[in-house]
Amino acid sequence: MLFFTIEDVKGLMAALLQRDSFDSFLLVEAEIRGRAALSIDGHLPEDFYSDEEISKFRMEGDFSPYREIRPLIFEGIRGKHTPKQIKIVFKAPNSLMQEILADTEADPDQVSGFFLNLRFSNGKLTLSSGCSMKTFSLDKTAEKLWDAWLSAWMDREKFYYTIMA
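Since the model is a prediction, treat every value here as computed from it, not as a measurement.

Definitions and cut-offs
Residues numbered from 1 in each chain as written. Predicted model: local features only at pLDDT ≥ 70, side-chain atom pairs only at ≥ 80, totals over all residues. Heavy atoms only, no water. Phe/Tyr/Trp six-rings, centres within 6.5 Å; stacked < 30°, edge-to-face > 60°. Helix = DSSP H or I, 4+ residues; strand = E, 2+ residues; numbered from the N terminus. Buried < 20%, exposed > 50% of the residue type's maximum accessible area, 1.4 Å probe, protein only. Lys NZ or Arg CZ within 6 Å of the ring centre and 35° of its normal.

Now for the packing of aromatic side chains. Counted by the stated rule, this structure contains 15 aromatic pairs. Geometrically, the ring pair formed by Phe-22 and Phe-90 is stacked, given 5.2 Å between the ring centres and 25 degrees between the ring planes. Of this pair, Phe-22 sits in the loop between helix H1 (9–18) and strand E2 (26–33) while Phe-90 sits in strand E5 (residues 85–91), and the two are 68 residues apart along the sequence. Look at Trp-153 and Phe-159: their rings are 5.5 Å apart centre to centre, the planes differ by 80 degrees, and that puts the pair in the edge-to-face class. Comparing Trp-153 with Phe-159, the two get one shared label, buried. Ring pairing ties together the aromatic residues Phe-22, Phe-25, Tyr-66, Phe-90, Phe-114, Trp-146, Trp-149, Trp-153 and Phe-159, which thus form one cluster. When the ring centre of Trp-149 is taken as origin, the NZ or CZ atom of Arg-156, which lies over that ring, is 5.8 Å away.

Following this line, the structure appears as structure tokens:
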């Protein structure tokens, strides 16, 4: 598990809300406290999408693609006042998880998911990684692979950060 303090808050927020930087992730949940309290549950609503769309989305996981929800989050945040608090939980899609774990000693069948937690509060923006295993394990191979991938992705996206110990 890594904990990142973001140095360029405006840059990352622009990537989050106006660019496709986070669009490949799934949205688990989002909470925004600003001009109103907004809470979004990212579970796929089976009664909204067609069976074909649900089947396609389910191949990647049980949550909505962030790209589908990004406009709602943008509307919840935009305005002349900065929100007091933002909390967003992302999950890596199944295809990315399989890609990260391919050709490694980690057993993909033991990994429930790779998560990215975003939190903005008191003018500070932090990201943290998480790896959920299906059963208890002392083996941290999957977690280390996710942390390495996430650090490389943040470097590619030019998110300037400090890793907290």
